[in-house]
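Next come the chains, spelled out residue by residue.
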Number of protein chains: 2
Amino acid sequence: MLEDKSQELTPISKLGEFGLIKHLTENFPIVQNSTKLSIGDDAAIIDAEGQKVVISTDMLAEGVHFNLGYVPLKHLGYKSVVVNLSDIAAMNATPTQILVSVAVSNRFPVEALEEIYDGIALACNRYKADLIGGDTTSSNAGLVISVTAIGLEKEENIVKRNGAKPNDLLVVTGDLGGAYLGLQILEREHSVYLANPNMQPEMEGYDYILERQLKPEARTDIKKKLEELDILPTSMIDVSDGLASEILHLSDQSKVGFNVYEEKLPMDETMIHTADELNLNPAMAALNGGEDYELLFTISSSDFDKIKNHPDFTIIGHATETNAGNFLIARGSNQLIPLTAQGWDAFLNKE
Amino acid sequence: MLEDKSQELTPISKLGEFGLIKHLTENFPIVQNSTKLSIGDDAAIIDAEGQKVVISTDMLAEGVHFNLGYVPLKHLGYKSVVVNLSDIAAMNATPTQILVSVAVSNRFPVEALEEIYDGIALACNRYKADLIGGDTTSSNAGLVISVTAIGLEKEENIVKRNGAKPNDLLVVTGDLGGAYLGLQILEREHSVYLANPNMQPEMEGYDYILERQLKPEARTDIKKKLEELDILPTSMIDVSDGLASEILHLSDQSKVGFNVYEEKLPMDETMIHTADELNLNPAMAALNGGEDYELLFTISSSDFDKIKNHPDFTIIGHATETNAGNFLIARGSNQLIPLTAQGWDAFLNKE
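In this text, all values refer to a predicted model and were calculated from it rather than measured experimentally.

Chemist: Give me the relation of the copies chain B and chain A: which residues, what numbers.
Modeler: Its rotation angle being 180 degrees, the transformation that places chain B on chain A also includes 0.0 Å of axial translation and leaves an RMSD of 0.0 Å. In short, the pair behaves as if placed about a two-fold rotation axis. Interface residue correspondence from chain B to chain A reaches 100%, placing this contact among same-surface, isologous pairings.

Chemist: Can you explain the domain arrangement of chain A? Please cite residues and give values.
Modeler: For an interface, size is often stated in terms of accessible area lost upon the parts coming together. All names here are of chain A. According to the domain assignment, chain A contains domain 1 (12-157) and domain 2 (169-338). The C-alpha centroid of domain 2 is placed 26 Å from the C-alpha centroid of domain 1. Tallying the contact residues gives 26 residues for domain 1 and 20 residues for domain 2. Here domain 1 meets domain 2 over a buried area of about 2000 Å², counting both sides, of which 60% is carbon and sulfur. It is Y70, K79 and N92 in domain 1 that bury the most area against domain 2; as a group they hold 32% of the surface buried on that side.

Chemist: Any details on the pattern of salt bridges? Residues and values, ideally.
Modeler: Residues and elements named next belong to chain B. Under the definition given, this model contains 45 salt bridges over all chains. The salt bridge partner of D221 is R219, with a shortest N-O separation of 3.0 Å. The exposure class of R219 is buried, given its relative accessible area of 13%. Residues K306 and D230 are paired through a salt bridge, measuring 3.8 Å at the closest nitrogen-oxygen approach. With K306 in helix α10 (residues 304-307) and D230 in the loop between α6 (222-228) and β8 (235-238), the pair connects residues that are 76 residues apart, well separated along the chain. What makes D230 exposed here is its relative accessible area of 58%.

Chemist: Talk me through the UniProt feature "domain: PurM-like N-terminal" (unreviewed entry) in chain A; I want residue IDs and the actual numbers.
Modeler: The UniProt feature table records "domain: PurM-like N-terminal" (unreviewed entry) at residues 40-152 of chain A. Helix makes up 31% of residues 40-152 of chain A and strand 37%, and the two end C-alpha atoms of the span are 23 Å apart.

Chemist: Before we move on, can you summarise the side chain of S245 of chain A with the specific residues and values?
Modeler: Position of S245 of chain A among the secondary structure elements: in helix α7 (residues 243-254). Residue S245 of chain A is classed as buried on the basis of its relative accessible area of 4%. Those residues in contact with S245 of chain A that sit more than four places away from it in its chain are A341 of chain A together with F18 of chain B.

Chemist: Break down the sheet that holds strand β5 (residues 130-138) of chain A for me, with residues and values.
Modeler: Strand pairing in a sheet relies on backbone hydrogen bonds, with the paired strands running either antiparallel or parallel. Spatially, the six strands line up as an open sheet ordered β5(A)-β4(A)-β6(A)-β3(A)-β2(B)-β1(B), and their pairing is mixed. The sheet is open, and its two edges are formed by β5 of chain A together with β1 (35-37) of chain B, each paired on a single side. Mean inter-strand twist for the sheet, computed between neighbouring axes without regard to direction, equals 20 degrees. Packed onto the sheet, helix α2 (residues 73-89) of chain A meets β3 (52-61), β4 (94-104) and β6 (144-153) of chain A and runs at close to 140 degrees relative to β3 of chain A. Of the strands in this sheet, β4, β5 and β6 of chain A touch helix α3 (residues 110-127) of chain A, which is tilted by about 175 degrees from β4 of chain A.

Chemist: Break down the packing of helix α4 (residues 178-195) of chain B against helix α8 (residues 269-277) of chain B for me, with residues and values.
Modeler: Residues and elements named next belong to chain B. For the pair α4 and α8, the least separation of the axes is 9 Å and the interaxial angle reads 45 degrees. Our classification of the angle between α4 and α8 gives oblique. Crossing angle aside, the handedness with which α4 passes α8 is left-handed. Facing G178, L181, I185 and R188 of α4, the residues of α8 in contact are M271, T274, A275 and E277. Taken together, the residues of the contact of α4 with α8 break down into four nonpolar, two polar and two charged.

Chemist: Describe the packing of α2 of chain A against α3 of chain A, listing the residues and the values that go with them.
Modeler: Residues and elements named next belong to chain A. Where α2 contacts α3, the axes come no closer than 6 Å and their chain directions differ by 40 degrees. Taken together, α2 and α3 sit at an angle that is classed as oblique. Judged by the sense of rotation from one axis to the other, the crossing of α2 with α3 is right-handed. Along the contact surface, α2 presents L73, K74, G77, Y78, V81, V82 and L85, while α3 presents A112, E115, I116, D118, G119, I120, L122, A123, R126 and Y127. Of the residues assigned to the contact of α2 with α3, the class counts are eleven nonpolar, two polar and four charged.

What counts as what
Along every chain, residues carry numbers that run from 1 in the direction the sequence is written. Here the convention is simple: chains get letters from A, ligands get numbers from 1, in the order in which they are written. Given that the model is predicted, a residue must reach a pLDDT of at least 70 before its local features are reported, and side-chain atom pairs must reach 80 or more before they are shown or counted; all residues, however, enter totals for whole chains, interfaces and linings. Processing note: side-chain calculations cover all non-hydrogen atoms of the structure and skip hydrogens and water entirely. The atoms used to superpose the copies are C-alpha atoms, taken from residues with pLDDT of at least 70 in both, and the fit is least squares. Contacts between residues were defined by any pair of non-hydrogen atoms, one from each residue, lying within 4.5 Å. Where each domain starts and ends comes from a domain assignment, either automatic or drawn from a database. Throughout, the accessible surface (probe 1.4 Å) given up by two parts as they are put together, summed over both, is called the buried area. Definition used for salt bridges: Asp or Glu carboxyl oxygen within 4 Å of a side-chain nitrogen of Lys or Arg. For the exposure calls, accessible area comes from a 1.4 Å probe over protein chains only, and a residue counts as buried if that area is under 20% of its type's maximum, exposed if over 50%, partly exposed in between. Numbering of helices and strands runs from the N terminus, with a helix taken as a DSSP run of H or I at least four residues long and a strand as a DSSP run of E at least two residues long. UniProt positions are given in the numbering used here, feature names are shortened, and annotations may be inferred rather than shown by experiment. Only strands that DSSP links by at least two bridges are regarded as paired with each other. Note on geometry: axes are lines fitted to C-alpha atoms, helical ones only across the stretch in contact, with angles between N-to-C directions running from 0 to 180 degrees. Angles below 35 degrees are treated as roughly parallel, those above 145 as roughly antiparallel, those between 65 and 115 as roughly perpendicular, and all remaining angles as oblique. Each helix crossing is assigned a hand: it is left-handed if the near helix lies turned anticlockwise from the far helix by less than a right angle, otherwise right-handed if that turn is clockwise. Each residue is assigned to one of three groups, with Ala, Val, Leu, Ile, Met, Phe, Trp, Tyr, Cys and Pro labelled nonpolar, Asp, Glu, Lys and Arg labelled charged, and all others, Gly among them, labelled polar.

If you want it as structure tokens, here you go:
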């Protein structure tokens, strides 16, 4: 996709490293008051304005986190920012700045990088995050994107993974498993295309799950919604590797167990139908699919009345005593199935 | 180097992503008071304690920034941190935290990553910087390291690139061109080795320039030395791409010209001898070599008496009027040679 097949495209070497960074980043506006100096010096300067600095970084590698055979570069740029903003949201903080580094083969023309940066710009605009730094380098093979995201937040608002207490309610935003099923459809249609490039891909009816995979959103809206409900979570994490995996993280760091009810798992209709079509168990997709970028958190059971029936939140279980273990309570039975981390793992799911 | 040739080495897949990060980072101590939360949550937390946050990121790619044929992995880990700390030092700030992401092929065993992290740990210890975050992923080809460095500093101490005024003195720390000549020797001996693996490399006598290339240091000591001299630079940058290139950056952002005297360029004896041996012009190596990670800065001419004869600093020229241009004054003549950026460029110097 967008490799250098046409003579009209611009080779990266024509601009050189400095020219390239300047060219790619010159139209990014600065909207945060806390950004005191942006791209162009040895470092950027942020004024934390008395708040704590929350910072996280993630790296996406071609062939591992994305396949350029079916992921448009603009979507890739957007998603690489979103997955980092999601980590800031998972601290109950608001993202304010990002730094983006891209290693790219010379087989890519400048126009391909422009596509990636268009997606980055879209995410920056959507989430009001300033692009304040980064690096662009060639690589011998493959595209690698590294994003560092920063948020500023008052200490008393920040939520970590270690505060869940026994009897706390376990809550998740949105629905689960969609991104995973979207990936299955993309991979299926890509295989069909590779076998016969004249075949039209059958994407109709899958819009929701394709968007969940290709253009996920970070739940930066949740912080405000929880504030309006007068709820401060006791622990929080984002669902990047799969619900089961994230529950085990909360369990590990909060020193509690969790019981999760299969019948409570929030699932979208398109996801369920697609799972049926592909002969997959939708509940397993919701539990282990990953990449949904919803927020998973615990709240005091005394907050139950504030949150019940809210369209953005689903109570899926509760915390139990330390070392009680983590279990899925199967639908229509009282069977306890031990939760295991079958989540997506960059070192296992391939080759 | 350290690829998986032995059955005794540990494949990365054995630990998985979470296990790997934990394994690699568990022995990193936290020494900065400003580090409030480190690795293990969705994000780290920094308390800026009323100071400004200075932040920079750099990416190093195999085959572009380093050749594993002659760069030991431990040195690579050390250097990848140092080049980022150098950017913080170039703001006249003190580095306090780093985040490190590594994309690595499955051809590397866990022991290779341990070597890289040993080097990172050495740099963290040497510079009192806390490792507070990062990511580890597989990649389809090549090793890519992305480091984000953070420093905290009072606003009035921070030095940018844009403050140089006409008649300011241009000063550089240490000596220049050594890292470039070290690279020439490493590449020469690597070629000899490839041609005949039984040949012993001839590295004797080149220690200084090899260390400049393989184990550079960030001049975080300069801030204190300048404070002791009661000097605050008017502009500053670090010498990563070559002196000429950096001078052009200061010129561009400060809107002044510069005259630089060839006879003033600080050069080490080993560097000069090696340049002679390789039939290279030592002054050109000093001007365009890059990767020395010294600091280049301007000071008011009224500070001349404070800095003259100081062993760490060399006055190499001065700023001229806006748009006067940037020139090298050739040794033993008054000839003005226009400075051009022939510095190292990740997109030009290869393929």
